[in-house]
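Notes for the structure review
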Amino acid sequence: MQSARYIAHIDMDAFFAAIEQRDNPLYKGKPVVVGADPKAGRGRGVVSTCSYEARKFGIYSSLPISIAYRLCPQAIFLPVNMEKYLAVSRQIYNILNTFTPSIESISIDEAFLDITGSFYLFGGPPAACKLIKEKIKKETKLTASIGLAPTKMAAKIASDICKPNGFLEVTNEKLLDFLWPLPIEKISGLGKRSKEILNERGIRTIKDLAKQKKDYLVSVFGKSGEYFWYLANGIDNSEVCGQHEAKSISSETTFEKDTESRELIKRTLLMLSEDVSARLRQDKLKARTVTLKIRLTGFQTYTRAFTFSKATNFIDEIYKAAKMLYDKFTSSKPERSEVAKPERSEVAKPERSEVAKPERGEVPKIRLIGIKTSNLIPQDEKDSLFDEKADRKKENMHKAVEIIKEKFGDKVIFRAANMER
């Protein structure tokens, strides 16, 4: 087992829905669903988050919104207000930074903290976690659940078990006692198919898995088998990585109705670019690669990627790259003036589920569109000696917009839908 480490997993409780209930007293104690418009059961898209009152009806994150409506038509259905949620997320991460610099951001409302080197400042590891919960509650009026353990996997499992508004510590000495009775699907990275294969062999609990010979698991799963064996035996040396080590930041949306409207798609790309840019800037990151995801009416899914000559987190550059990839996908003759040719570019292979690509020049109907940024580096890291003056002007403009939105709200200022003009 591990030498003593103290890893905390912090997960906000029903984050989007809890913020809405906090801000509107009429929503408290009622089923609240944040996500797409249900359109009286005919809506498209999915549930982003729902309150615990809504979960009693069988509603959960990623459930199709039409099903959520059928399960609980009396629920309060609200649109996603990402600007508001990001502002609260910044508050929470500012709190976490007062306890340790070793923070790995998993999402807007979830993070790992390594408090091994700082817990003594707060009276011990459990005391530090309880202070985190108290400070979040005091400053945001929201609750968090925290798992504390020697490994990241055990800490995350502990926070899931103690939700909502809970705290659960798993000590180094009790790590296997905690893990072994659990079902094998609790193992990080062990998916549905792997679970089926193991179940067919009578392996159902983490203890069953731990008792297998490592070589046997490698013969069944390859290198992943060794990884599963180590985790089942409480051996996990994975570190809490800083925010700059995040692999990607993405945003996507499902249209209410499959569309071939170029104007609607471009407006949506602009909205997604703003979301991704805001999250990159919140995490003080820049991206070298933008990937466009397109899902057509028949669920055929394609990805196309563009790599910049230098990393960016500016809205206009992300948008122009995404728009260029969209135009190339739908037309054999994209306009030359849209984006300067990159030093390096990549066209990703289509996902396995896709069928034949639409004929050139044909505008397909699109069900879902998304933008992902990857190859991330810290915002203050320079990867080019050129255009520093232009970059400073863009940076000052972005900061000015952020200050205005923070002071007066996100509706007071917005970008034009057509950024080419």
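Since this is a predicted model, take the numbers as computed values, not measurements.

**Here we look at the packing of aromatic side chains**
Overall, the coordinates contain ten aromatic pairs when judged by the stated rule. Judged by centre distance (5.8 Å) and plane angle (40°), the ring pair of Tyr 69 and Phe 77 falls under tilted. A relative accessible area of 24% places Tyr 69 in the partly exposed class. Their ring planes at 75° and their centres at 5.7 Å tell us that Phe 221 and Phe 228 sit as a pair that is edge-to-face.

**Description of the pairing of strand S13 (residues 366-378)**
Regular strands place their side chains on alternate faces of the sheet. Relative to S13, strand S9 (residues 248-259) runs antiparallel, the two being bridged by eight bridges. Counted as the bridge partner of Ser 248 is Ser 374 from S13.

**Some thoughts on the sheet that holds strand S3 (residues 47-50)**
With respect to topology, three strands assemble into an open sheet ordered S3-S2-S4, the strand pairing being mixed. In this open sheet, the two strands that pair with only one neighbour each are S3 and strand S4 (76-78). Between one strand axis and the next, the sheet turns through 25° on average, direction left out of account. Bridge count between strand S2 (residues 32-35) and S4: three bridges; the pairing is parallel. When the bridges of S4 are listed, Val 34 appears paired with Leu 78.

**A few points about the state of the cysteines**
The full count for this structure, using the stated rule, is zero disulfides. Note on Cys 72: no disulfide assigned, nearest cysteine sulfur contributed by Cys 50 at a separation of 9.7 Å. According to the relative accessible area criterion, Cys 72 is buried, its value standing at 0%. Here Cys 129 stays free of any disulfide, with the sulfur of Cys 162 as its closest cysteine sulfur at 10.0 Å.

**Some thoughts on unusual backbone geometry**
Apart from glycine, the bulk of residues carry a negative phi angle, and the bulk of peptide bonds sit in the trans form. For the bond from Lys 163 to Pro 164, the omega torsion is -5°, close enough to zero to count as cis. Along the chain, Pro 164 falls in the loop between helix H6 (152-161) and strand S8 (167-169). Look at Lys 39: it is not a glycine, yet its phi comes out positive at around 50°. Inspection of the secondary structure assignment puts Lys 39 in the loop between S2 and S3. Accessibility expressed as a relative area gives 41% for Lys 39, which makes it partly exposed. Positive phi values are uncommon outside glycine, yet Asn 165 reaches one of about 55°. Mapped onto the elements of the fold, Asn 165 is located in the loop between H6 and S8. Residue Asn 165 is classed as partly exposed on the basis of its relative accessible area of 44%.

Basis of the calculations
- Residues numbered from 1 in each chain as written.
- Predicted model: local features only at pLDDT ≥ 70, side-chain atom pairs only at ≥ 80, totals over all residues.
- Heavy atoms only, no water.
- Phe/Tyr/Trp six-rings, centres within 6.5 Å; stacked < 30°, edge-to-face > 60°.
- Buried < 20%, exposed > 50% of the residue type's maximum accessible area, 1.4 Å probe, protein only.
- Pairing = 2+ DSSP bridges.
- Helix = DSSP H or I, 4+ residues; strand = E, 2+ residues; numbered from the N terminus.
- Axes fitted to C-alpha atoms, helices over the stretch in contact; angles between N-to-C directions.
- Disulfide = S-S within 2.5 Å.

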